[in-house]
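Structural overview
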Amino acid sequence: MSNPYAYLAEPLDPEDPENKFFNLHKLNDHRYDSLPFSIRVLLESAIRNCDEFLVKKKDVENILNWTVTQYQNVEVPFKPARVILQDFTGVPAVVDFAAMRDAVKNLGGDPEKINPICPADLVIDHSIQVDFNKRCVKEQNLVSSLLSRTNESLKQLQTDSDSLQKNQDLEFERNKERFQFLKWGSQAFKNMRIIPPGSGIIHQVNLEHLARVVFKHNAFYYPDSLVGTDSHTTMIDGLGVLGWGVGGIEAEAVMLGQPISMVLPEVIGYKVYGVPNPLVTSTDIVLTVTKHLRQVGVVGKFVEFFGPGVAELSIADRATIANMCPEYGATAAFFPVDDISVQYLRQTGRGEEKCLYIAKYLKAAGMFRNYSDASQDPGFTQVVELDLGTVVSCCSGPKRPQDKVAVSDMKKDFEACLGAKQGFKGFQIASENHNATVDFAYNDQEFKLAHGSVVIAAITSCTNTSNPSVMLGAGLLAQKAVAAGLSVKPYVKTSLSPGSGVVSYYLKESGVMPYLSQLGFEIVGYGCMTCIGNSGPLPEQVVEAIIKGDLVAVGVLSGNRNFEGRVHPNTRANYLASPLLVIAYAVAGTIRIDFENDPLGVNSDGKEIFLRDIWPTRQEIQEIERKFVIPAMFKEVYEKIEKGNECWNYLKAPTDRLYTWDPKSTYIKAPPFFDNITLDLQPPKSIIDAYVLLNFGDSVTTDHISPAGNIARNSPAARYLTSRGLTPREFNSYGSRRGNDAVMVRGTFANIRLFNKFLNKQSPQTIHLPSGETLDVFDAAKRYQKAGSPLIILAGKEYGSGSSRDWAAKGPYLLGIKAVLAESYERIHRSNLVGMGVIPLEYLPGETAESLGLTGRERYTVVIPEDLTPRTIVDIKLDTGKTFQARMRFDTDVELTYFRHGGILNYMIRKMIKN
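Description of the structure in this document. (Residues numbered from 1 in each chain as written. Predicted model: local features only at pLDDT ≥ 70, side-chain atom pairs only at ≥ 80, totals over all residues. Heavy atoms only, no water.)

Okay, the packing of helix α10 (residues 248-255) against helix α34 (residues 904-914) next. Two elements in contact, α10 and α34, have axes separated by 9 Å at closest approach and are oriented at 20°. As the angle between them shows, α10 and α34 are arranged roughly parallel. Between α10 and α34 the crossing geometry is left-handed. Across from Ile249, Glu250, Glu252 and Ala253 in α10, the residues of α34 making contact are Ile904, Leu905 and Met908. Across the contact of α10 with α34, the residue classes tally to 5 nonpolar, no polar and 2 charged. (Axes fitted to C-alpha atoms, helices over the stretch in contact; angles between N-to-C directions. Helix = DSSP H or I, 4+ residues; strand = E, 2+ residues; numbered from the N terminus. Parallel < 35°, antiparallel > 145°, perpendicular 65-115°, else oblique. Left-handed = near helix turned anticlockwise from the far one by under 90°. Contact = heavy atoms within 4.5 Å. Nonpolar A, V, L, I, M, F, W, Y, C, P; charged D, E, K, R; others polar.)

Here's what the structure looks like:
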């Protein structure tokens, strides 16, 4: 059907009549000018894609009428311009695509129809680990045994850092199967581009290189927009590109041409004004914003920034704030494009012609901002404000990114956490043990560890390594620290994993890299590394001391996530901090320091050196940034990315359109999701007499559900890999094995910090209720499945918060979990549960497991009516005779459609065959 809004299309430039845009001003509708800029992007997409089938005129009207419909749970479709994936979430997506081709063929359809329709970029950035750094190198025999099996081209790879080369070589050796599979996918599927390993972190590569800001495609200009399979996709919102994280399952549907079905969001206007203190960093600002917006309550909403203070923020600053969007719970954190955005595009080598048409189009479409012009301010659901002048230096922790702590309060806050009850701000250490120490020897020297000792200090992740001001600030701090005679204790595991090659380029050119390296912060790889749990091993002597003293050891990282068990199993306290503070705490060696009154250290002359003595000024940082962060760097680095690298180019991959599954592979395996699929639909059935597999409290994260880090030697996944002939050194991480369902289902709920009310302690185990035995979660679930018993999970608030992991939904589905009953859900995880056909149930307002007297030892029957509607209230009957009600969190008709099909992928297979 033709587009009913075709009349809005007109040339952007009269001298170029072939290239048009949809001029929304020609609607002659006063409502458009009052819409938030983020909602205007949704409107433009709806108008451009309106076909009266997937997108209807009614949808356009609902978006135009946002001031009313935002409160009415109105569902609208959104077709993003592109999709972005990282390799941990991208591999299972490509595995699913390959399996879908097999399923379509088996059902008599054309497998070639399974192909990305929407452009997709996949950046390989999550595989590399900090196995080697300047201070902590594994045994040489391990290096020899692994690298001797590596092909000759790997050995020829030239890098500036020995640790970097070893980590990259080991990454290729460990992940060769995965990389070959991804390379097959890039050749087998149309419209899919793979950015090879060693290129940088997905969000920084997106910001610096992949972002179009405005598309010029098929003779039309339109806004760049995207969804991504990483929750921090929102980082791109800092450049004025509307994007957010979705589950890998939902992203696959978008790649296949389906719109995102979303409830039209409220938009919180975040007004920024004032000027930040010269000693404050962008990290301090973002941690302040994170805590503030958590208090405001923005889950499921858009946040849009405005006000004159936005002009005080660089694109890197804005991107840092937008990156942390999942930590304050919003769907998106949008900074509309302004002159500073266009200047950034020029700085990153986007080209003058492109910059000119980007600005011209956005101005013509009413999507270009002047933050100093209050007359452009749109209407918002609610307005909150921040005076940048009130921001102070801060960190966040020890277990959650929203728990901001002023640096001046860090010492007393940590000491209060030591004795506090076990929880987000407590470790429950007996008061008589607060000052306990353990002596140990390392490198022929004697040291002491205590509660609060820093054992990991990592400048890592896209949150801060996208920002030249804090990276160069860290370099200047290192330079001053070395000049003052300070050093870092040799057992502290220090690392620097930049977001892209551009960072290392300007660190070297500015002359600060040698000082970072001297303190141990040498470049160990380009990837997320420590922030996602790829921190590698600590020295054995350190681990033994921590265990011996039951010490609360500390990791300090410039990342965006510090949930329990994520960074490293032996760092119970983890703090997010700016790169400058990461170095400061590494030098101090402890979190129990008052920087104002306690010296960082004493130099060889006996002089006490304080943090204020070496902290660089904003003027120093800005001067070096202007001089050394130049367009030529970006152009040179990203030209190399397009050509690949020796390792990637040398890699051989199959060329068949259907993937030939290797039964011997422990990385890539055909998933069982489509084993029993039929063309005919089966009506949804009630859940009868389900057992509770796990009984949780609040804030169970996707790290708890599906950890990404190392595979413990005593876990079900380890037993499986051992049975396949692997040694512990070859286990790799859960994240790297997401293409193998046999590993991932065994890794579901395998986090050692999992707190299950049945056991009343942290453990990756549960009670098998019929027998009363304590078992690993996988083993208990398998016993239930063998008996034909369905399973559910009980949980509190914010179930599934954290990273957008599709295996956090796929794993429970394969364990036999039919439903989750929680007080509230993180947005992406709820969507993933829906995508797998697992029912997200929510207690009615004011009710909880406690208020209903639920112990979890009951058996649950969930009565599912035939005529389902969005957010239906259903009856739940217990074997005790008690009955209560809960809401099914299928929020839209489309989500109900997916549920009836047994999940979104089953729906897409049936649709592809019928079409």
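The next thing to look at is helix α1 (residues 37-48). The first and last C-alpha atoms of α1 sit 17 Å apart over 12 residues, in line with the 16 Å expected at 1.5 Å per residue. Of all 12 residues that make up α1, 12 are buried, and the element is covered over most of its length. For α1, every residue scored as buried is listed here: Phe37, Ser38, Ile39, Arg40, Val41, Leu42, Leu43, Glu44, Ser45, Ala46, Ile47 and Arg48. (Expected span 1.5 Å × (residues − 1). Buried < 20%, exposed > 50% of the residue type's maximum accessible area, 1.4 Å probe, protein only.)

Next up on the list: the pairing of strand β4 (residues 82-86). With 5 of its 5 residues buried, β4 lies for the most part within the structure. Direction of pairing for β4 relative to strand β9 (residues 225-228): parallel, over a ladder of 3 bridges. Looking at β9, one finds that Arg82 is bridged to Leu226. Sheet analysis places β4 next to strand β5 (residues 120-123), joined by 4 bridges and oriented parallel. When the bridges of β5 are listed, Gln86 appears paired with Val123. What joins β4 to β5 is helix α4 (residues 87-106), and the crossover it makes is right-handed. (Pairing = 2+ DSSP bridges. Right-handed = clockwise from strand over helix to strand, strands pointing away.)

Let's shift gears to the packing of helix α11 (residues 282-296) against helix α12 (residues 315-323). For the pair α11 and α12, interaxial distance at closest approach is 9 Å and the crossing angle is 35°. α11 and α12 meet at a crossing whose hand is right-handed. Contact residues: Ser282, Ile285, Val286 and Val289 in α11; Asp317, Thr320 and Ile321 in α12. Considered class by class, the residues forming the contact of α11 with α12 number 4 nonpolar, 2 polar and 1 charged.

Moving on, we come to the nonpolar core. Phe305, Tyr328, Tyr585, Phe749 and Tyr799 are the most contacted members of the largest nonpolar core, which has 312 residues in total. Sorting elements by how many residues they give to this core places α4 first, with 10 residues. When neighbours within four sequence positions are excluded, Tyr328 is seen to be in contact with Val289, Thr290, Leu293, Arg294, Val298, Phe305, Ile321, Ala322 and Ala333. (Core = buried A, V, L, I, M, F, W, Y, C linked by side-chain atoms within 4.5 Å.)

On to the sheet that holds strand β12 (residues 267-273), then. With parallel pairing, 4 strands are arranged side by side in an open sheet as β14-β13-β12-β15. In this open sheet, the two edge strands, each paired with only one partner strand, are β14 (332-334) and β15 (382-387). Across this sheet, the average inter-strand angle for adjacent strands is 25°, counted without regard to direction. When strand β13 (residues 302-306) meets β14, the two strands line up parallel, connected through 3 bridges. Its bridge partner being in β14, Val303 is matched across the sheet by Ala333. Taken strand by strand, α1 contacts β12, β13 and β14, and its axis lies near 125° from that of β13.

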